[in-house]
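Here is how the chains run, residue by residue.
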Amino acid sequence: MPISDSYVGCFSREGVSASGLGEAEFESWVRTAPEHELAAVEAFLIGDCESRRGMPRLIKTRSRAAVIALNDERSLQETLALFAAGADDVVGKPVHVRELLARIHAIRARIEDAKEAVTRLERLTVHFDGRDPEIDGASVWLPRRE
């Protein structure tokens, strides 16, 4: 049984709807899912897979949901790389589902608080919630300074 099935079962026992997808299926879904489906997602948990460092940025292009990466082995390099890639949190496994739910709640609370934190200067809009700035409504990607 894949590890994602275990987490799905644990979330279900806590009364939270969850589903697990394989890497290719997940990437395809994030790229093509209707807006209302993505808006219903409160958080994404990313396990170990080849494209995991690219997933947070892909998710954040379409969703404001929390992105938590799960690490099999505690590695400072991997943790820093995942944060640099846009993950909101990085958690070592094993981790209890209740801890994940608490982390998701904390991230969502910060996101809700940050929704109000926007500065508009003529054509420039600066968001203080992790989104890229915009000029005339078009997102402008800025390199990170890590």
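Here, every reference points to the structure presented above.
Residues numbered from 1 in each chain as written. Predicted model: local features only at pLDDT ≥ 70, side-chain atom pairs only at ≥ 80, totals over all residues. Heavy atoms only, no water.

Visitor: Quick question: what am I supposed to make of the pattern of salt bridges here?
Guide: A side chain with one charge can pair with a side chain of the opposite charge if their charged atoms come near. With the rule as written, the count across this model stands at 10 salt bridges. As a salt-bridge pair, Arg62 and Glu35 come within 3.0 Å of each other at their nearest N and O atoms. Separated by 27 residues along the polypeptide, Arg62 in helix α4 (residues 55–62) and Glu35 in helix α3 (residues 35–39) bring together distant segments of the chain. Between Arg103 and Asp89 there is a salt bridge; the shortest N-O distance is 2.7 Å. A residue pair is termed long-range when its members are at least 10 positions apart, and Arg103 in helix α6 (residues 97–115) and Asp89 in strand β3 (residues 89–92) qualify at 14 residues. Within this structure, Arg52, Arg53 and Glu78 form a network of salt bridges that share partners. (Salt bridge = Lys/Arg side-chain N within 4 Å of Asp/Glu carboxyl O. Helix = DSSP H or I, 4+ residues; strand = E, 2+ residues; numbered from the N terminus.)

Visitor: What am I meant to see in the sheet that holds strand β2 (residues 66–71) here?
Guide: Note: strands within a sheet are paired through backbone hydrogen bonds, in either parallel or antiparallel orientation. The 3 strands are arranged β1-β2-β3 in an open sheet whose pairing can be described as parallel. Each having just a single partner strand, β1 (43–46) and β3 make up the two edges of the open sheet. Looking at each pair of strands side by side, their axes are set apart by 25 degrees on average, direction ignored. Both β1 and β2 contribute to a ladder of 4 bridges, which runs parallel. Bridge pairing in β2 links Leu45 to Ile68. Along the sheet, α4 contacts β1 and β2; its crossing angle with β1, the most-contacted strand, is approximately 165 degrees. (Pairing = 2+ DSSP bridges. Axes fitted to C-alpha atoms, helices over the stretch in contact; angles between N-to-C directions. Contact = heavy atoms within 4.5 Å.)

Visitor: Which parts of the structure should I look at to understand α4?
Guide: For α4, the full list of buried residues reads Met55, Pro56, Leu58 and Ile59. All buried residues of α4 project into a common sector of 160 degrees when viewed along the axis, lining one side. Elements that come into contact with the buried residues of α4 comprise α2 (23–32), β1 and β2. (Buried < 20%, exposed > 50% of the residue type's maximum accessible area, 1.4 Å probe, protein only. Arc of directions from axis to C-beta.)

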